[in-house]
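Residue-level structure breakdown
Read off the chains here:
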Amino acid sequence: MLFRQLIDAQTSTYTYLLADLSTRDAVLIDPVKGQVSLYLKLLEELELRLSHALDTHVHADHVTALGMLRDLTHCRTYIGHEGSVSCSDESLEEGMLIPFGSYGLRVRYTPGHTDDSHCFVLEGAPSKTVFTGDTLLIRGSGRTDFQNGSSSDLYNSLHNILLELDGDTQVYPGHDYQGMTVSSISEERHHNPRLQWSKEEFIRQMDSLELPNPKFIDIAVPANLQCGKS
Ligand code: FE2
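Here is what the cut-offs are and how they apply
Residues numbered from 1 in each chain as written. Predicted model: local features only at pLDDT ≥ 70, side-chain atom pairs only at ≥ 80, totals over all residues. Heavy atoms only, no water. Pairing = 2+ DSSP bridges. Helix = DSSP H or I, 4+ residues; strand = E, 2+ residues; numbered from the N terminus. Core = buried A, V, L, I, M, F, W, Y, C linked by side-chain atoms within 4.5 Å. Buried < 20%, exposed > 50% of the residue type's maximum accessible area, 1.4 Å probe, protein only. Contact = heavy atoms within 4.5 Å. Arc of directions from axis to C-beta. Axes fitted to C-alpha atoms, helices over the stretch in contact; angles between N-to-C directions. Parallel < 35°, antiparallel > 145°, perpendicular 65-115°, else oblique. Left-handed = near helix turned anticlockwise from the far one by under 90°. Nonpolar A, V, L, I, M, F, W, Y, C, P; charged D, E, K, R; others polar. Donors = N, O, S within 2.8 Å, 3.2 Å for Na, K, Ca; no water.

A few points about the sheet that holds strand 9 (residues 118-123)
- Judged by pairing direction, the sheet is mixed, and its 6 strands sit side by side in the order 7-8-9-10-13-14 without closing on themselves. Of all strands in the sheet, those bounded by a partner on one side alone are strand 7 (97-100) and strand 14 (183-184).
- Sheet topology note: the strand 8 (residues 103-109)/strand 9 ladder contains 6 bridges and is antiparallel. Across the sheet, residue Val107 finds its bridge partner in strand 9, namely Phe120.

A short note on the nonpolar core
- Core analysis: the biggest nonpolar cluster contains 23 residues, and Leu17, Ala26, Tyr39, Leu48, Leu50 and Leu69 have the highest contact counts within it.
- Listed by contribution, the elements that provide at least two residues to this core are strand 1 (2-8), strand 2 (13-19), strand 3 (25-29), helix 1 (36-45), strand 4 (49-54) and helix 2 (66-73).
- Excluding residues that lie within four positions of it along the chain, Tyr39 makes contacts with Leu6, Thr15, Leu28, Pro31, Val32, Ala65 and Leu69.
- The next biggest cluster of nonpolar side chains, apart from the first, holds 18 residues, and it includes Tyr16, Met96, Tyr103 and Val107.

Things to note about the pairing of strand 3
- Counting buried positions over the 5 residues of strand 3 gives 5, a clear majority of the element.
- Neither face of strand 3 is open: one carries Asp25, Val27 and Ile29, the other Ala26 and Leu28, and all of them are buried.
- The turn linking strand 2 back onto strand 3 is made up of 5 residues, and Arg24 within it adopts a positive phi angle of 70 degrees.
- Pairing of strand 3 with strand 4, which is carried by 5 bridges, proceeds in the parallel orientation. The residue bridging Val27 from the neighbouring strand is His52, located in strand 4.

Overview of helix 2
- Where helix 2 is concerned, the buried positions are Leu66, Gly67 and Leu69. Taken around the axis of helix 2, the buried residues stretch over an arc of 165 degrees, which confines them to a single face.
- Lining the buried residues of helix 2 we find strand 3, helix 1, strand 4 and strand 5 (76-80).
- Two residues or fewer after helix 2 comes His74, characterised by a positive phi angle close to 60 degrees.

Thoughts on the packing of helix 1 against helix 2
- The geometry of helix 1 relative to helix 2 is characterised by a closest axis approach of 11 Å and an angle of 40 degrees between their N-to-C directions. Relative to helix 2, the element helix 1 is oriented oblique. For the crossing formed where helix 1 meets helix 2, the hand is right-handed. Where helix 1 abuts helix 2, its residues Val36, Tyr39 and Leu40 lie against Met68, Leu69, Leu72 and Thr73.
- A per-class count over the contact of helix 1 with helix 2 returns 6 nonpolar, 1 polar and no charged.

A word on the coordination of the iron ion
- Here the iron ion is held by the protein donor atoms His57 (NE2), His113 (NE2) and Asp134 (OD), which lie 2.1 to 2.3 Å from it.
- Mapping the donors of the iron ion onto the primary sequence gives the spacing H-x55-H-x20-D. Of this pair, His113 sits in the loop between strand 8 and strand 9 while Asp134 sits in the loop between strand 10 (129-133) and strand 11 (136-137), and the two are 21 residues apart along the sequence.
- Overall, the relative accessible area of 5% leaves His113 in the buried class.

Worth remembering: the numbers are spatial, not functional.
Here's what the structure looks like:
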């Protein structure tokens, strides 16, 4: 299997390219509109066919490439329907499998950061891997103060879904601002400060963060409701 972790340096967003090298089918997770030419060049050089492009949630900090990639490559696009996005081909649903060659991504519904947040568990590969979007970040988590976020839902998603995965599952987040690229479920269970709190403490801490809004929120959210095409 081919695996590439790509970064949009302006927003510290990670995009993941996965492909089955025998069938040449590829998937992009959380592609960024400003990086489309990079993705197309990579797909061409590696002789891959983009089958699917998916967003973990409606992003507030960058514009998605889903709409552009669908126009340019005819891939299928996916995003959760809770975000009221009507421009993708299909809505992400708990338990659905998005196949690429002999591999697949199993969709888990993990609301909390936003009400349309999903994580993707890789299936068919020898190593265990989960793509966590902004639900679980390395030593942190996504915020819960806009886009129908809920600290209580995020606690449940973290503890009842992600921490239920095997400890040696590799964790690939949607962002990192400290230079980290990958972690594991057991590493986060032991060292992520937000995973040490009781539910009451988690809700209290998350609801008192008072973070500034992301720089591009006024551009990104309306654009992303149109799959990045407006
Ligand atoms: Fe986010």
